Amino acid sequence: MKLYLCLVFALFLSCFNSVKTTQKSNNYILSNDTAEDISISYFNEDKLEFIIFASELNQSSSENIFQSGIEVYVFNVKLDTVLTIKSDYAFQNKSDDIFEAKKNVILINNKNEKLMTEHLIWNTKSKKIYTEELVTIKTDKQIIMGYGFETDQNFESYTLSNLTGKIYL
C-alpha cells in the first residue's frame, strides 16, 4: 500500500510545471503569418477611424507588410469617407503606429483633390501624413508639384516646403 501511495504521489507531483517553466513557454515569438484578401478595422475610443483592405498580408511581431499594396478608407465621426489612400506596397511599424506607403501612392480627399507620389509616411498616433519625395497634387483648378509635403489625416489642408511648379487648368 505504501508503494502504491508513493507512486500516486510521484505521478501527482510530475503533473505540475514550475512557475519559471510556465512563464518561459508563454513568452515565445510567433513566426511570420500570412493572410490573403483581408480587411483590418482600426478603432479609437470605440469610433471607427479607418479600414485597410489588402490582397496579401505578411505579419510578424513588429510589423505588417502589404506586399501587393493597400487601400485605406479614413472616416470622420459621422462615418463619411474623408480620405482614400492607395499604394502598390506598404508596411506598418506596429510599435510606432506608422504606415509607409510606396510605389504609385495616391491620396484622394472628400473634395476630390488627388495627391500622387512614390513614398508617403502616415503616423496614425499624431494623425499626420508626410513625405520629402516629389508630390503632384491635382485639384479642380490647378496642378501643384513640390517636395516636403505635410497634411492632417483628412488631407484638408497641406503644406509644401519646396514648391516646384503650379499649372492652372
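Since the structure is predicted, the reported quantities are computational estimates derived from the model, not experimental observations. (Residues numbered from 1 in each chain as written. Predicted model: local features only at pLDDT ≥ 70, side-chain atom pairs only at ≥ 80, totals over all residues. Heavy atoms only, no water.)

*Asks:* Even after reading the chapter, I still don't get the overall build of the protein, so can you show me in this structure?
*Replies:* Of regular secondary structure, the protein possesses two helices and 12 strands. Looking at the 169 residues of the protein, the share that counts as buried comes to 33%. Considering only intrachain contacts with a sequence separation of at least 6, the fraction spanning at least 24 residues in the protein is 33%. With the model as given, the accessible surface of the protein reaches about 11,100 Å², and the carbon-plus-sulfur share is 53%. (Helix = DSSP H or I, 4+ residues; strand = E, 2+ residues; numbered from the N terminus. Buried < 20%, exposed > 50% of the residue type's maximum accessible area, 1.4 Å probe, protein only. Contact = heavy atoms within 4.5 Å. Areas by Shrake-Rupley, 256 points an atom, 1.4 Å probe, with all protein chains shown as cover.)

*Asks:* I'm lost on the packing of aromatic side chains in this one. Help?
*Replies:* The geometry of an aromatic ring pair is captured by two quantities: the separation of the ring centres and the angle between the planes. Scanning all chains against the criterion turns up 10 aromatic pairs. Relative to phenylalanine 99, the ring of tyrosine 42 lies with its centre 6.1 Å away and its plane at 85°, an arrangement referred to as edge-to-face. Note that tyrosine 42 is positioned in strand E1 (residues 33-44) and phenylalanine 99 in strand E7 (residues 98-109), a separation of 57 residues in sequence. Among the aromatic residues, ring-to-ring pairing joins Tyr42, Phe50, Phe99 and Trp122 into one connected group. (Phe/Tyr/Trp six-rings, centres within 6.5 Å; stacked < 30°, edge-to-face > 60°.)

*Asks:* Looking at this model, I keep getting lost on a negative patch on the surface. Mind explaining?
*Replies:* The grouping of Asp88, Glu118, Glu132 and Glu133 at the surface amounts to a negative patch. Within the element layout of this structure, glutamate 132 appears in the loop between strand E9 (128-131) and strand E10 (135-138). (Patch = residues over 30% accessible without salt bridge, like charges linked within 9 Å, V, L, I, M, F, W, Y side chains within 5 Å. Salt bridge = Lys/Arg side-chain N within 4 Å of Asp/Glu carboxyl O. Lys, Arg positive; Asp, Glu negative; His and termini not counted. Charge placed at Lys NZ, Arg CZ, Asp CG, Glu CD.)

*Asks:* Looking at this model, I keep getting lost on the pairing of strand E2 (residues 47-59). Mind explaining?
*Replies:* Regular strands show a simple pattern: their side chains alternate between the two faces of the sheet. With 11 bridges joining them, E1 and E2 adopt antiparallel strand pairing. Opposite asparagine 44, over in E2, you have lysine 47 as the bridge partner. In sequence, E1 turns back onto E2 through a hairpin of two residues, with glutamate 45 there showing a positive phi of about 50°. In terms of strand pairing, E2 meets strand E4 (residues 70-75) through four bridges, oriented antiparallel. From the neighbouring strand, isoleucine 51 faces E4, where its bridge partner is tyrosine 73. The hairpin formed by E2 and strand E3 (residues 63-66) contains three residues between the paired strands. (Pairing = 2+ DSSP bridges.)

*Asks:* What exactly am I supposed to notice about the confidence of the model for the protein here?
*Replies:* Across the protein, the average pLDDT comes to 85, with 82% of residues at 70 or higher. Averaged pLDDT values for the elements of the protein fall to 44 in helix H2 (residues 19-26) and rise to 97 in strand E8 (residues 114-123). (pLDDT = per-residue confidence, 0-100.)

*Asks:* Just checking my understanding: could you explain the side chain of threonine 139 for this structure?
*Replies:* Counting through the fold element by element, threonine 139 comes out in the loop between E10 and strand E11 (142-152). Here threonine 139 falls in the buried class, since its relative accessible area comes to 11%. For threonine 139, the residues in contact, after removing those within four places along its chain, are Glu113, Tyr158 and Leu169.

*Asks:* Sorry, what's going on with the nonpolar core here?
*Replies:* Side chains of a nonpolar character, in soluble globular proteins, are inclined to be buried together. With 26 residues, the main nonpolar core has Phe66 and Leu107 as its most contacted residues. The contacts of leucine 107, once residues within four sequence positions are left out, are Leu83, Thr84, Ile85, Glu113, Lys114, Leu115, Leu120, Ile129 and Phe155. (Core = buried A, V, L, I, M, F, W, Y, C linked by side-chain atoms within 4.5 Å.)

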